[in-house]
Amino acid sequence: MAKKAELHYDGKVYELPIIEGTENETAIDISKLRQDAGIITLDRGFKNTGSTESAITFLDGEKGILRYRGYSIEDLAENASFLEVAFLLIYGELPNSKELYNFQEEVSKHTLVHEDVRAILDGFPSKSHPMGVLSSLVSSLTAFYPKSLDPNRSAEEVNGTIIRSIAKLPTLAAWSFKNRMRQPVIYPDNSLGYCENFIRMMFSLPTVNYEVNPVITSALNKLLILHADHEQNCSAATVRIVGSSHASLYASISAGIAALWGPLHGGANQAVIEMFEQIKENGGDVNKYVEKAKDKSDPFRLMGFGHRVYKNFDPRAKIIKKAADDVLAQLGVEDPILDIALKLEKVALKDQYFKDRGLYPNVDFYSGIIYRALGIPTDMFTVMFALGRLPGWIAQWKEMRENHEPIGRPRQIYVGENERKYVSINKR
Ligand code: CMC
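Residues numbered from 1 in each chain as written. Predicted model: local features only at pLDDT ≥ 70, side-chain atom pairs only at ≥ 80, totals over all residues. Heavy atoms only, no water.

Caption draft 1: Geometry of the layout of surface pockets. Roughly 330 Å³ of volume is contained in the second largest pocket. Along the walls of the second largest pocket sit 20 residues, with Leu 83, Leu 192, Gly 193, Tyr 194 and Cys 195 positioned nearest its centre. Of all the elements in the fold, those that place two or more residues in the lining of the second largest pocket are α3 (82-91), α4 (97-109), α7 (155-181), α8 (194-203) and α9 (214-227). The element contributing the most residues to the lining of the second largest pocket is α4, with five residues. For the lining of the second largest pocket, the class distribution of residues is nine nonpolar, nine polar and two charged. (1 Å grid on protein atoms, 1.4 Å probe; cavity = no way out; pocket = protein on both sides within 12 Å on 5 of 7 lines; lining within 4 Å. Points joined across faces, edges and corners; volume = space filled by probe spheres on them. Helix = DSSP H or I, 4+ residues; strand = E, 2+ residues; numbered from the N terminus. Nonpolar A, V, L, I, M, F, W, Y, C, P; charged D, E, K, R; others polar.)

In structure tokens, the structure reads:
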């Protein structure tokens, strides 16, 4: 017999269907509740509300499990390439060698952006944050590909927009950095792999023959995979909700970049390093900052700590911590910030406040240390996150479209004034 939940309200009993996922996750379907009982549910920040049924990413916050399409994050980060994982997320299965070859070829054919994008880029002051520049440039792609405005085109045409997004984001990301440095932009080199090409566009100069270090490309490949999707997080939910109005994929991704920018989401990776630097400059007393984070009258939080879903550990943080050690050793970099990070982690993990609330280092606690070792400046860190998260956003958008999901439009409980009469200005 199908399971049902019962709601007793105002002397009546309402039966609510139960939805079960393939990993036995359970939800009460309340979609008819307003129609049947005249009430809605209220859940600020959607802390306990599922917005969709999704077959892309599974995570179990209590057990620290993260899987893309059934494959564990540990397995993928160790063995796969970023484009292979992008294919998996977007199309549902790992590619065979021919499919991967064709996918890589298609992506590398579209890395160039229209020359007029440079004029838009030139209009940004050099102090612009690269996330703002990136979000604007992605949105500007709608102007260069006006047909992309209609997401109801054939699957083949929609796929063209998907390929272009993946191909062009590294170019736009690297160019947003070049704008900040007021250096000439470097054009993509389609003979190079995805990560290699991006690193070259970031660090090459017309006057210097830049050799990409394989330690750097391999570390970048791993970081991008670890960030590639994370089910219904703030930016993915944004991409789905913007796309649900039938806005274009480029517009939806641009909105996703804006959502990712905030320090409670992807912007935490920049905020973490700024926090470590601040602690170092103030004498390195980590206990003082742990106490500040616990003080409810102080808005300070330990950046890189805590997660909406992970309450035991973040599996990505485990992999990244090890990768940070490896990268620093391989590149021969000694970063005093690492000592601060290790001390802070040790003190916070022993502290009852953090234990009681299930607050552990998250993916962003150590990622900045690797980005610094790779030579990436702090305000580019969230751009790196966006580069990694792109296939996840595309997969979420595509699934939402293919499932013909309705426009995202939450309800509210109104707590404002009741009806009142307009009073003319000279009587107020
Ligand atoms: N430092 C100090 N206290 C914290 C922290 C923190 N980093 N995170 C949560 N808390 C406390 C919070 O004050 C609250 O305490 P109380 O129950 O006494 O009121 C309790 O823990 C629960 O916090 P919450 O804000 O209700 O939890 P949430 O699920 O809404 O927020 C979070 C999750 C990630 C926004 C939050 O932990 C946070 O602000 N962390 C720091 C920013 C950060 O590192 N963000 C990156 C997340 S991982 C990358 C990504 O996927 O986006």
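That covers the picture; the talk isn't over yet.
Caption draft 2: Here's a closer look at the nonpolar core. Tyr 68, Ile 166, Phe 276 and Ile 369 are the most contacted members of the largest nonpolar core, which has 117 residues in total. Looking at this core, the element that brings in the most residues is helix α18 (residues 381-402), giving twelve residues. The two domains that each donate at least three residues to this core are domain 2 (71-265 + 395-402) and domain 3 (270-373). Apart from the residues within four sequence positions on either side, Tyr 68 is in contact with Ile 56, Thr 57, Ile 73, Leu 76, Val 85, Leu 88, Leu 89, Ile 225, Leu 226, His 227, Ala 228 and Asp 229. With six residues, the next largest nonpolar core counts Tyr 14, Leu 16, Leu 33 and Ala 37 among its residues. (Core = buried A, V, L, I, M, F, W, Y, C linked by side-chain atoms within 4.5 Å. Buried < 20%, exposed > 50% of the residue type's maximum accessible area, 1.4 Å probe, protein only. Domains from an automatic or database assignment. Contact = heavy atoms within 4.5 Å.)

Caption draft 3: Looking closely at helix α10 (residues 234-243). Taken together, the buried positions of α10 are occupied by Ser 235, Ala 236, Thr 238, Val 239, Arg 240 and Gly 243. Considering only its buried residues, α10 is in contact with α11 (249-261) and α18.

Caption draft 4: Region of the structure containing the side chain of Gln 396. Looking at the element boundaries, Gln 396 is found in helix α18. The exposure class of Gln 396 is buried, given its relative accessible area of 0%. Of the polar contacts made by the side chain of Gln 396, one reaches the side chain of Arg 240; its length is 2.6 Å. With sequence-adjacent residues up to four places away left out, Gln 396 is seen in contact with Ser 54, Ile 56, Asp 229, Glu 231, Gln 232, Ala 236 and Arg 240. (Polar contact = N/O pair within 3.5 Å; in protein donor to acceptor, adjacent residues only side chain to side chain.)

Caption draft 5: Representation of the environment of Thr 111 within the structure. Tracing the backbone through its elements, the reader meets Thr 111 in the loop between α4 and α5 (116-122). Placed 54 residues apart in sequence, Thr 111 and Ser 165 show a C-alpha to C-alpha distance of 9.0 Å. Among the polar contacts listed, one links the side chain of Thr 111 to the side chain of Asn 190, at a separation of 2.6 Å.

Caption draft 6: Structural detail: the sheet that holds strand β1 (residues 4-9). With antiparallel pairing, three strands are arranged side by side in an open sheet as β1-β2-β3. Two strands lie at the open edges of the sheet, namely β1 and β3 (26-28), each paired on one side alone. Averaged over all pairs of adjacent strands, the angle between strand axes in this sheet comes to 30°, irrespective of strand direction. In terms of strand pairing, strand β2 (residues 12-20) meets β3 through three bridges, oriented antiparallel. Opposite Ile 18, over in β3, you have Ile 28 as the bridge partner. (Pairing = 2+ DSSP bridges. Axes fitted to C-alpha atoms, helices over the stretch in contact; angles between N-to-C directions.)

Caption draft 7: Structural context of the domain arrangement of the protein. Split by domain assignment, the protein resolves into domain 1 (4-50), domain 2 (71-265 + 395-402) and domain 3 (270-373). Of note, the centres of domain 2 and domain 3, computed from C-alpha atoms alone, are 28 Å apart. Each partner contributes to the interface: domain 2 provides 15 residues, whereas domain 3 provides 18 residues. With both chains or domains summed, domain 2 and domain 3 bury close to 1,400 Å², and 73% of this area falls on carbon and sulfur atoms. The largest per-residue losses of area from domain 2 upon contact with domain 3 belong to Leu 223, Leu 226 and His 230, which jointly make up 37% of the total buried on that side. Remark: the boundary between domain 2 and domain 3 carries zero salt bridges. In this structure, the connection of domain 2 to domain 3 is made through two residue pairs in polar contact (both at pLDDT 80 or more). Those elements that provide at least two residues to the side of domain 2 that touches domain 3 are α2 (73-79) and α9. Of the residues contributing to the side of domain 2 that touches domain 3, the split by class is eight nonpolar, five polar and two charged. (Buried area = accessible area lost by both parts, 1.4 Å probe. Salt bridge = Lys/Arg side-chain N within 4 Å of Asp/Glu carboxyl O.)

Caption draft 8: Focus on a nonpolar patch on the surface. A cluster of nonpolar side chains, namely Leu 42, Ile 413 and Val 415, defines an oily patch on the protein surface of about 340 Å² accessible area. Its place among the elements puts Ile 413 in the segment after α18. (Patch = residues over 30% accessible without salt bridge, like charges linked within 9 Å, V, L, I, M, F, W, Y side chains within 5 Å. Areas by Shrake-Rupley, 256 points an atom, 1.4 Å probe, with all protein chains shown as cover.)

Caption draft 9: Representation of the site of the ligand within the structure. Around the ligand, the surrounding shell holds 23 residues, and the nearest of these are His 265, Arg 301, Leu 302, Gly 304 and Arg 308. The backbone of Leu 302 places a nitrogen or oxygen atom 2.7 Å from a nitrogen atom of the ligand. One of the backbone nitrogen or oxygen atoms of Gly 304 is found 2.8 Å away from an oxygen atom of the ligand. Protein contacts shield 79% of the accessible area of the ligand, which totals 940 Å² for the unbound molecule. Its residues assigned to classes, the shell around the ligand comprises ten nonpolar, six polar and seven charged. Mapped onto the domain boundaries, the shell around the ligand takes at least three residues apiece from domain 2 (71-265 + 395-402) and domain 3 (270-373). (Near = heavy atom within 4 Å.)

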